[in-house]
Amino acid sequence: MFSFRGCGRWIATSLTKQQLPLARFSDDSAAPRTPHFDVVVIGGGHAGTEAAAAAARCGSRTLLLTHRVDTIGQMSCNPSFGGIGKGHLMREVDALDGLCSRICDQSGVHYKVLNRRKGPAVWGLRAQIDRKLYKENMQKEILNTPLLTVQEGAVEDLVLTEPEPEHTGNCRVSGVVLANGSKVFADSVILTTGTFLRGVIVIGLEMHPAGRLGDQPSIGLAQTLEKLGFVVGRLKTGTPPRIAKASINFSILNKQTPDNPSMPFSFINETVWIKPEDQLPCYLTHTNPRVDEIILENLHLNSHVKETTKGPRYCPSIESKVLRFPNRLHHVWLEPEGMDSDLVYPQGLSVTLPAELQEKMITCIRGLEKAKMIEPGYGVQYDYLDPRQISPSLETQLVQRLFFAGQINGTTGYEEAAAQGVIAGINASLRVRRKPPFIVSRTEGYIGVLIDDLTTLGTNEPYRMFTSRAEFRLSLRPDNADSRLTFRGYKEAGCVSQQRHERASWMKSSLEEGISMLKSIEFSSSKWKKLIPEASISMSRSEPLSALDVLKYEEVDMELLAKAIPEPLKKYSKCRELAERLKIEATYESVLFHQQEEIKNIQRDEALQLPKDLDYLTLRDVSLSSEVREKLHFSRPQTIGAASRIPGVTPAAIINLLRFVKSAQQRHAAVNESPRTDQRLCNTDQLEERQL
């Protein structure tokens, strides 16, 4: 269960951002005995804060239940945000007016874009974060969000009622039961329990029940979910030890400096809060054969690494790396934990050996010979629920109006949690208002890729986002997340502020105007060579080149173009973000045309909806094998496209489903004579002819 202090204490946020002081009520105060909210969010981690804030932005009266208010915004593991694939998620969360990107721009101590050697479609925005500053800024944001109330408390059970007949599900959630027996009623409930579901901390052979170091696990809630019929799995993760900064010999290590200028995460910020020259460096060192020896000689003292529970494939413990990749040197990045912090985080050294062996191992590493370990590393094992039991809106299929977000769905990482949180918060609010769900498809964003992978493929190991998971990387770039999602969020969900919408609208119109202007300026290749001698333009080209064509050359940017042709291009180089985005648009112009055709084909698949109440196990009108029926019954895909991505669902089965959909739509058309249905039948005929 979530640990709690003073379960009756309520912390109500003010309804105006100017009123910072909080109203705190004791057990015998005038706080409501049976409160009712539109949305209740359980858990104050990265998924929970985004979910609660998103639901409140959508206009829902929201309650955030957390074990301790002072841990809201706590970075339990690494002191960093972003990276390859993860930076894309942060940009998309920001495009929907989420919190983490803006808070990172206010709290970072080292900003760097990864993958710069490759194209901007796969750049990875990343920042080292000041733990203390991030937590302070996140708490300030959460505790001053209109319509959002925060309460400390432990949730032991769910309040369940009869299901709504027009929706699938065995029952409907209508509130939660706290540890003291009191109830809080709600129209939608979001679970963001992180690693707390039957969580266990492991150091060496010692195991202690805990969601994270110092916090009790959630047992009652885990038992409730299991009794409701949810398929439960077990995963594990870990964290490195913390080292005293003063005990490290940085002078012999490889130093990495931040970018200059720093690229902010948020679209509404032109700069980050700190100048590049004031930011902190990171340092690189490596393991060595002596580290391998210590690990291999003491495997019998490490229960975490011997367990059959799956750990993260792409961020494994040092023990796993030594076992999987013997006789190799492994990177260890020494990352600062804050501007005034005395601790250093050794990224890549996640370990669960007994504490004394951890310290022995650390001192074998170059630069750490005299290092002092302040906190030992440890492993965490916890329950997660098979994500194929949720829909793309993140609402569960078994319990109506119950949403899951974050590590409960089998993911790992702050960014993946935040992305699920913002979608769950939006859809929980829309569900209350009986509006259609807000679905991001895999053709629209990395958020869509993340959720589609989870809901159709499931996972048996902690899921992490990479750019390689997306089919349409050239279209789903970090720079254009606002044009993909902000307008939808503003119109369909109401989660985007007027200020952000106006900023996105200005950028959209400026880009369109700039591209049009660049296309209209045409000269011969010889004249362009005279204007911009730095450009490697071939003089043999006979046809004229537009300014947009010239901008495609690697050595040309908007600043160089504006110097060559001040009027009318000078104004497009003044805004750094606009100039960079025009360069990116020019770079990908020719290839994006072909990718858009592929996206249209996928969207046609997604437009073919499968009936939500379809009983695949007893369906007689379609020829499907028993194996396929079981897979479809468990995953319950909402579209033909989603069904085609389920492992084991054969092309023949998809064709038979297509015929079933076509037959059903024909019957519907005969009754209603709907021209819209006729168009869908046309789409079905075209799709059936394609090779699957």
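Here is what the cut-offs are and how they apply
- Residues numbered from 1 in each chain as written.
- Predicted model: local features only at pLDDT ≥ 70, side-chain atom pairs only at ≥ 80, totals over all residues.
- Heavy atoms only, no water.
- Helix = DSSP H or I, 4+ residues; strand = E, 2+ residues; numbered from the N terminus.
- Rg over C-alpha atoms; globule rule 2.2 N^0.38 Å.
- Buried < 20%, exposed > 50% of the residue type's maximum accessible area, 1.4 Å probe, protein only.
- Contact = heavy atoms within 4.5 Å.
- Areas by Shrake-Rupley, 256 points an atom, 1.4 Å probe, with all protein chains shown as cover.
- Lys, Arg positive; Asp, Glu negative; His and termini not counted.
- Charge placed at Lys NZ, Arg CZ, Asp CG, Glu CD.
- Salt bridge = Lys/Arg side-chain N within 4 Å of Asp/Glu carboxyl O.
- Pairing = 2+ DSSP bridges.
- Axes fitted to C-alpha atoms, helices over the stretch in contact; angles between N-to-C directions.

### Some details on the overall build of the protein
Here's step 1: Along its length, the protein carries 22 helices and 25 strands.
Here's step 2: Taking 692 residues into account, the globule formula puts the C-alpha radius of gyration at 26 Å, and the protein, at 27 Å, falls close to it.
Here's step 3: Counting only C-alpha atoms, the protein reaches 80 × 80 × 55 Å along its principal axes.
Here's step 4: Taking all 692 residues of the protein together, the buried fraction comes to 58%.
Here's step 5: In the protein, once contacts between residues fewer than 6 apart in sequence are set aside, the share between residues at least 24 apart is 73%.
Here's step 6: When the accessible surface of the protein is summed, it comes to about 29000 Å², and 52% of that surface belongs to carbon and sulfur atoms.
Here's step 7: Computing the positive centroid from 86 side-chain charges and the negative centroid from 82, the protein places the two 1 Å apart.

### Describing the pattern of salt bridges
Here's step 1: Counted according to the given criterion, the structure contains 42 salt bridges.
Here's step 2: Measuring nitrogen to oxygen at the nearest pair gives 4.0 Å for the salt bridge that ties Asp340 to Lys132. Here the residue Asp340 occupies a position in the loop between strand S18 (331-336) and strand S19 (343-347), and Lys132 occupies one in helix H4 (residues 131-142), the gap between them amounting to 208 residues.
Here's step 3: With a relative accessible area of 49%, Lys132 lands in the partly exposed category.
Here's step 4: Two residues, Glu513 and Lys571, come together in a salt bridge whose shortest N-O distance is 2.9 Å. Here Lys571 lies in helix H17 (residues 566-574) and Glu513 lies in helix H13 (residues 498-520), a separation of 58 residues in the sequence.
Here's step 5: Judged by relative accessible area, which is 38%, Glu513 ranks as partly exposed.
Here's step 6: One network of salt bridges, in which partners are shared, links Glu164, Glu166, Glu395, Arg401, Arg431 and Arg434.

### With respect to the sheet that holds strand S21 (residues 378-385)
The strands that make up a sheet pair up through hydrogen bonds in the backbone, lying either parallel or antiparallel.
Here's step 1: Reading across the sheet, the four strands line up as S13-S12-S21-S14 and stay open at both edges, with antiparallel pairing between neighbours. Each end of this open sheet is capped by a strand with a single partner; those strands are strand S13 (206-209) and strand S14 (232-239). Taken over all neighbouring pairs, the strand axes of this sheet differ in orientation by 25° on average, direction set aside.
Here's step 2: With three bridges connecting them, strand S12 (residues 200-203) and S21 associate as antiparallel partners. Directly across from Val200, in S21, lies its bridge partner Gln381.

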